[in-house]
Amino acid sequence: MSVRHLALAVLGLALLLPLTTPIALSRLPHTVAVTETPLRILLLAGPFLLGLLLMGTDSWLGAFVASTALGALWGPPLLAVEVAWAVSLGALALVAARAMPGTWDRRVAWAFAALGVFEVGYAVQQWLGYDILWRGQTQGTGLVVHGTVGNPDTLAVLLVLCAVVAPWPTLPVLAGGVLLSNCQTAMVALALVIVARWPSRGLVALTAFAGLVWALWFPPALSTLEDRVLVWRLALSEPTGPSLLVGHGSGSWWAEMPRRQVAAGWSALGLYTRAHSEYVQLAYEGGLVALGCLGAWLWSWRRSLLRPAFVAVGVVSLTLFPFHLAVTALPATVLLGLATRGDA
């Protein structure tokens, strides 16, 4: 898309907005829609146009961004716009990461390693009963080991992402942090990342496989997975009509699924405000269109799929939500950008 095309799009949008006031997006009352509908379309024009621009360099990534922006038209107010902009900016970050020269790789690797080692060190002092940043220097009891990111699973995901590029001397430290977090999905992901990084080293692969088997058979992991499967079945139980094709709208899981869980008899204390699976949440919010764009994008970069970044992100996305938290979404995006340099 050239600057001239962009100018024509802006002109068209300026002429179109006054005609959109009768449209009640997201079942808004018409008295509200008369001002909110043009505003939402204006706010979503940015991500949509950015998606069209990205199609010039990465066609399916751009299509995914554009489809997310369109899906925000029938998603919940405000949250849908936030999701559309987050996805578009994330895609822009991914493309920008591809521009990093290869001479930066060593520095990038040590930067991620330093972040991971710091997080592990911070988690250790939490395990010992202290929390300098969160609770001051007074010793406490029952502190949760979460590093600086506020959640043990999030900490584990961040450490797995750091392990994608971190120099090998730091990997035992990162592995210790993942074990300390007690996140079984991250343990599986870390084991597979090690195999992906050193596939020819039998001892390393065997050790990683042993960790994989242990993590899969760890009883708490299985019980937690059962709960998640139940909510996934509830979410995908009635995919009919337009929702099957285009989903329920960007950001709709948070707005709709807690209510559906309560209606199904779930305790209000155990509601899943996120799907705990990027794939399930994408299917619910974006339907077959979003899944198709993702699948086509992965196929276009198929020669990179066995690289550690794709392995790490693909595995943790099965039962967690790394792209719905900024502290893991941007590192994951940067690593995917680095993993897709020049392999289309």
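Summarised in this report is the structure supplied together with it. (Residues numbered from 1 in each chain as written. Predicted model: local features only at pLDDT ≥ 70, side-chain atom pairs only at ≥ 80, totals over all residues. Heavy atoms only, no water.)

Moving on, we get to the overall build of the protein. Helices and strands together make up the secondary structure of the protein, namely 16 helices and zero strands. By the burial criterion, 44% of the 344 residues in the protein qualify as buried. Within the protein, residue pairs in contact and separated by at least 24 positions form 68% of the contacts whose partners lie at least 6 positions apart. Accessible area for the protein stands at about 17,600 Å²; split by element, carbon and sulfur atoms hold 71% of it. (Helix = DSSP H or I, 4+ residues; strand = E, 2+ residues; numbered from the N terminus. Buried < 20%, exposed > 50% of the residue type's maximum accessible area, 1.4 Å probe, protein only. Contact = heavy atoms within 4.5 Å. Areas by Shrake-Rupley, 256 points an atom, 1.4 Å probe, with all protein chains shown as cover.)

So, about helix H4 (residues 79-98). Residue pairs three or four apart in sequence face the same way in an α-helix, which turns once every 3.6 residues. Taking 1.5 Å per residue, 20 residues should reach 28 Å; H4 reaches 29 Å between its end C-alpha atoms and fits that length. Of all the residues in H4, the buried ones are Ala80, Val81, Ala84, Ser88, Ala91, Ala93, Leu94, Ala97 and Arg98. Turning to H4, the residues buried within the fold contact helix H2 (30-54), helix H3 (59-71), helix H14 (278-300) and helix H16 (326-339). (Expected span 1.5 Å × (residues − 1).)

All right, on to the packing of helix H15 (residues 308-319) against H16 then. H16 packs onto H15 with a crossing angle of 145° between their chain directions and a minimal axis gap of 8 Å. You can see that H15 and H16 cross each other, and the crossing is left-handed. When H15 is examined against H16, the residues Ala309, Phe310 and Val313 are found in contact with a partner set consisting of Ala332, Leu335, Leu336 and Ala339. Among the residues making up the contact of H15 with H16, the classes are represented as seven nonpolar, no polar and no charged. (Axes fitted to C-alpha atoms, helices over the stretch in contact; angles between N-to-C directions. Left-handed = near helix turned anticlockwise from the far one by under 90°. Nonpolar A, V, L, I, M, F, W, Y, C, P; charged D, E, K, R; others polar.)

With that settled, consider the pattern of salt bridges. Inspection of every chain in the model, using the stated rule, returns two salt bridges. Residue aspartate 58 pairs with arginine 98 through a salt bridge whose shortest N-O separation is 2.7 Å. Placement of the pair is aspartate 58 in the loop between H2 and H3 and arginine 98 in helix H4, with a sequence separation of 40 residues. Residue aspartate 58 is classed as buried on the basis of its relative accessible area, which comes to 4%. Here arginine 98 falls in the buried class, since its relative accessible area comes to 17%. With its nearest N and O atoms 3.0 Å apart, the salt bridge here joins aspartate 105 to arginine 341. (Salt bridge = Lys/Arg side-chain N within 4 Å of Asp/Glu carboxyl O.)

The biggest cluster of nonpolar side chains holds 50 residues, and the ones touching the most others in it are Val160, Leu174 and Val178. Dropping the residues within four chain positions of it, valine 178 is found in contact with Ala156, Leu159, Val160, Cys183, Ala186, Met187 and Leu190. Membership of the second largest hydrophobic core comes to ten residues, among which are Val231, Ala235, Tyr272 and Val280. (Core = buried A, V, L, I, M, F, W, Y, C linked by side-chain atoms within 4.5 Å.)

All we've got here are geometric facts, nothing functional implied.
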